[in-house]
Amino acid sequence: MKYKKIITFFLASIFIINFFISSTYIYADELYSKEYIISQEEEFAMNEYMGSGIEDYKYKEGTIPILISAPHTVKQWRNNQYKSADVYTGALVKTLNETTGAHIIYKTTTNGDENYTTEETDYRKKIKDIVESNNIRVVLDLHGMTLEKESDIDIGTGNTYNINLLNQDYIYSSIINSLNSLNHTTNKYFIGGGPYTISTYVSQKIGIPSVQLEINRKFRDTDSENFTYIVEQLSKMIKNINNEPYEIKGLEVSEITTSSVNLSWDSIPGINKYEIYRSKTENGTYSKVAISDNNSYTDSNLKSGETYYYKIKCVDGEFSNVLTVNTICSEPKAKVSASQSKTIKVSWNKVYGANGYELYRSTSKDGKYSKVKTITDGKTLSFDDTKLETGRTYYYKIRAYKTINNKKVYSDYSSVVSTTLKLSKPSVTLSSAYRKVYVKWKKVNDASGYEVYRASSKNGKYSKVKTITKGSTVSYMNSNLASKKKYYYKVRAFKVVSGKKVYSSYSDIKNIKTK
């Protein structure tokens, strides 16, 4: 009895050890039987893998947006000779359809090699149709690799830059992470590139990421353990790829105006709907503002000088990084007023969101404008431009700015406004004598001279009686007049600017009767 217990314990120990050894290799609840594997391969093996000759290919619909292609399930004609079939790749794809729900397409007839042509064959046309009709996100092209290769599986991505994955790095990462228990290589034996492969056709012509998978011959056989193991590994890989959330990359601003923002981002192959979310604060509540059917969107009716926060996602995808956007400030509306002290006051309305303003001046409307002042306070809404030249016309324009990431973003310029620094009008007094009138006035600053006008009635015609060419002369005696007659006078100052006279306003009209 004692020996019986020892033997029983020994056998149980062997069973447990074998179980754990095998469980690190086999993940199915039950091994696929040899009979099952043969039945899956039967339609390809007939006629020594020459195919049935009835249909060029077969397609079986799936439930997830992944397509598996197997173009070498039967022999193919390449370079004037038959290329050996990649045996049991057909059995693999049919089984993967059952375990993952992936769409599958495979060859059933021997003719031109689908993976060695640039022609638009029926097989390739069907792939395109499947992709477009089912929003396929990735195409896996399944092939065979000889037993002598060191790898269990070789991943062909087009080249070292993963050109056939169309920058969808998550696919490659998911493949590598899923197959970590297999001896895998990348682009070592079969790059899957060139203009003739299915993976290149799918990525470059259809615009969907594609990868060529080469399976070692040891897994493509009726060996239940190996076949079960590779099915489990590939099933896990396919499910992981499908469960990887789409990630929006490259979100940026293409154009900004005072009331709109044009956003763009990297398109995801197979995705034609994107959701745009916006918030007023970076960590606040984001509201969906639109659904775009391409990789750009213009958000309109925004407030000028305002800060907005955006993030993008597609259905079943992750949000992009948050993008901060500032609309451009509206242009200010300026006005000017001139004083008599060589000063022009420029004022403008407050621009929402502005951190400051820049004021520019010119002496001609279409001439060169020079910046005369930078106002660094958004609340300051006027500026006195001093030490100007009397009698000259000055033109102004102003723009607002907002500081974003230590850089100034400017509004448009305001409309040009102008004014002339005029001379003060003279202040006149009169006195009379026999047939004479003495006209006197206060000196006008910056005047080059004065003009004296006389009329015989207040609203009558005034004639210029004297031009005085010295600014320091402030009187004039008008003689040879009629006695005991009333005369009316007005005076204006002038200044010569660029060879032309610039006048003040006329003085108030004064009258006096000669003695």
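Everything below is about the structure printed above this text.
Residues numbered from 1 in each chain as written. Predicted model: local features only at pLDDT ≥ 70, side-chain atom pairs only at ≥ 80, totals over all residues. Heavy atoms only, no water.

**Remarks on the nonpolar core**
Piece 1. One finds Met237, Ile238 and Leu263 to be the most contacted residues of the largest nonpolar core, which totals 60 residues.
Piece 2. The element best represented in this core is helix α7 (residues 224–243), accounting for eight residues.
Piece 3. Once residues within four sequence positions are removed from consideration, Leu263 is found in contact with Leu251, Glu252, Val253, Ser254, Ile276, Asn295, Ser296, Tyr297, Tyr310, Ile312, Leu323 and Val325. (Core = buried A, V, L, I, M, F, W, Y, C linked by side-chain atoms within 4.5 Å. Buried < 20%, exposed > 50% of the residue type's maximum accessible area, 1.4 Å probe, protein only. Helix = DSSP H or I, 4+ residues; strand = E, 2+ residues; numbered from the N terminus. Contact = heavy atoms within 4.5 Å.)

**Here we look at the layout of surface pockets**
Rolled over the atoms, a probe with the dimensions of a water molecule shows which regions are left empty.
Piece 1. The volume enclosed by the largest pocket comes to roughly 360 Å³.
Piece 2. In terms of lining, the largest pocket is formed by 24 residues, of which the most central are Arg78, Asn115, Phe190, Gln212 and Glu214.
Piece 3. Listing elements by their share of the lining of the largest pocket, those giving two or more residues are β6 (138–145) and β9 (210–216).
Piece 4. With three residues, β6 is the largest single contributor of residues to the lining of the largest pocket.
Piece 5. Its residues assigned to classes, the lining of the largest pocket shows seven nonpolar, 10 polar and seven charged. (1 Å grid on protein atoms, 1.4 Å probe; cavity = no way out; pocket = protein on both sides within 12 Å on 5 of 7 lines; lining within 4 Å. Points joined across faces, edges and corners; volume = space filled by probe spheres on them. Nonpolar A, V, L, I, M, F, W, Y, C, P; charged D, E, K, R; others polar.)

**Quick notes on the sheet that holds strand β18 (residues 323–326)**
Piece 1. The strand order across the open sheet built from four strands is β14-β13-β16-β18, with neighbouring strands paired in antiparallel fashion. Looking along the sheet, the strands with just one partner apiece sit at the ends: β14 (287–292) and β18. Within the sheet, the average angular offset between the axes of one strand and its neighbour, ignoring direction, is 30 degrees.
Piece 2. By the bridge criterion, four bridges tie strand β16 (residues 307–314) to β18 in an arrangement that is antiparallel. Looking at β18, one finds that Tyr308 is bridged to Val325. (Pairing = 2+ DSSP bridges. Axes fitted to C-alpha atoms, helices over the stretch in contact; angles between N-to-C directions.)

**Remarks on the environment of Thr99**
Piece 1. Its place among the elements puts Thr99 in helix α3 (residues 89–100).
Piece 2. According to the relative accessible area criterion, Thr99 is partly exposed, its value standing at 23%.
Piece 3. When the C-alpha atoms of Thr99 and Lys239 are compared, they prove to be 9.4 Å apart, with 140 residues separating the residues in sequence.
Piece 4. In this view, Thr99 contacts Tyr32, Val231, Ser235 and Lys239; residues no more than four positions away in its chain are not counted.
Piece 5. Here Ser235 takes part through its side chain, which lies 2.8 Å from a polar atom of the side chain of Thr99. (Polar contact = N/O pair within 3.5 Å; in protein donor to acceptor, adjacent residues only side chain to side chain.)

**Concerning the packing of helix α2 (residues 34–49) against α3**
Piece 1. Look at α2 against α3: their axes get within 8 Å of each other, and the N-to-C directions meet at 115 degrees. At the point where α2 passes α3, the crossing takes the right-handed sense. Every residue of α3 that contacts α2 at Tyr36, Ile37, Ser39, Gln40, Glu41, Glu43 and Phe44 is listed here: Thr89, Gly90, Ala91, Lys94, Thr95 and Glu98. (Left-handed = near helix turned anticlockwise from the far one by under 90°.)

**Digging into the sheet that holds strand β31 (residues 475–478)**
Piece 1. Taken in spatial order, the three strands of this open sheet run β27-β28-β31, and their pairing is antiparallel. Since the sheet does not close on itself, it has two edges, and those belong to β27 (428–433) and β31, each with one partner. Across the sheet, the mean angle from the axis of one strand to that of its neighbour is 15 degrees, orientation sign disregarded.
Piece 2. As paired elements, β27 and strand β28 (residues 436–441) share six bridges and run antiparallel to each other. Pairing of Val428 across the sheet is with Trp441, part of β28.

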